[in-house]
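Residue strings, one per chain:
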Amino acid sequence: GWYDTNTYDNKLTSVVVNGNVVVYAKWNEIKSSDVNNNQNESDVYKITYELDGGVIASNYPQSYTSLTDTFELVNPQNKGYTFVGWLNENGDDLGLKVTISKGSTGDKKFTARYEINKYLVTFVDTDIVSEELLFNSTLILDNYVPVKDGYVFAGWYDGYDYKNKISSIVISDVTNVYAKWLKKVKISVNYLNNKDSVISEVKEVDLIEGDNYEEKA
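First, a word on scope: everything that follows refers to the structure included in this document. (Residues numbered from 1 in each chain as written. Predicted model: local features only at pLDDT ≥ 70, side-chain atom pairs only at ≥ 80, totals over all residues. Heavy atoms only, no water.)

Now for the sheet that holds strand β3 (residues 24–25). Sheet architecture is open: three strands sit in the order β2-β1-β3, paired in antiparallel fashion. Of all the strands in the sheet, just β2 (11–12) and β3 have a single pairing partner and so form its edges. Sheet topology places strand β1 (residues 2–3) next to β3; two bridges connect them, and they run antiparallel. For tyrosine 3, the partnering residue across the bridge sits in β3 and is tyrosine 24. (Pairing = 2+ DSSP bridges. Helix = DSSP H or I, 4+ residues; strand = E, 2+ residues; numbered from the N terminus.)

With that settled, consider the pattern of salt bridges. Under the definition given, this model contains five salt bridges. The partner of lysine 109 in a salt bridge is glutamate 50, and the shortest N-O contact between them spans 3.9 Å. Linking lysine 109 in strand β10 (residues 108–116) with glutamate 50 in strand β4 (residues 45–50), this pair joins segments that are 59 residues apart in sequence. Of the residues examined, lysine 109 reaches a relative accessible area of 35% and is grouped as partly exposed. Using a relative accessible area of 37% as the deciding quantity, one classes glutamate 50 as partly exposed. In this structure, arginine 113 and aspartate 93 form a salt bridge, with 3.0 Å as the shortest nitrogen-oxygen distance. With arginine 113 in strand β10 and aspartate 93 in strand β8 (residues 93–95), the pair connects residues that are 20 residues apart, well separated along the chain. (Salt bridge = Lys/Arg side-chain N within 4 Å of Asp/Glu carboxyl O. Buried < 20%, exposed > 50% of the residue type's maximum accessible area, 1.4 Å probe, protein only.)

Overall, mixed pairing links the five strands, which are arranged β5-β4-β10-β7-β8 in an open sheet. The strands lining the two open edges of the sheet, one partner per strand, are β5 (63–64) and β8. Bridge analysis of β4 against β10 gives four bridges, and the strand direction is parallel. The partner of threonine 48 across the bridge, within β10, is lysine 109.

Next comes the structure, spelled out in structure tokens:
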């Protein structure tokens, strides 16, 4: 404020001018703690995230002020995808690590970028080569018919217990599919002459283990 002497005893709000007049300004030092205490709502800036299906762990920054200590953005996770960086509101690629420095101002918007994952599918107990397939794609197993000497292929299953037979799978992670095999067995069939019980013919027949042989008429 204004005072009539440099001892600052009498504060003035007005003076009557009838000659030369000297008024004295009194100053108070502004401390950083005073700035913090006097900060207005308009000094708080918003951070907006476009996550495109991703999620960020709790306690990530959604606002800041010019007095906020320097911090990094928390990167998102998105099932089936790999996070590859942030874009700013102008579409500029900011990379994986984005830092907002103390003293920054203004609302900010960041968009997450991802690449779709590929997952390995292994065809267990077959000579079929493993394949890498895109997340959420569908694999039709009926298109894969393996061959094994001495066995008959009996379908695809989701485990070694062979309880759940499958004809297709939707790729969500690294996956094994299991081929079920039925062993072939060879038996000899003897045909006897009813009159003298002399063997008149012998032939060999391929069967699947556990099956019964029935002679066709």
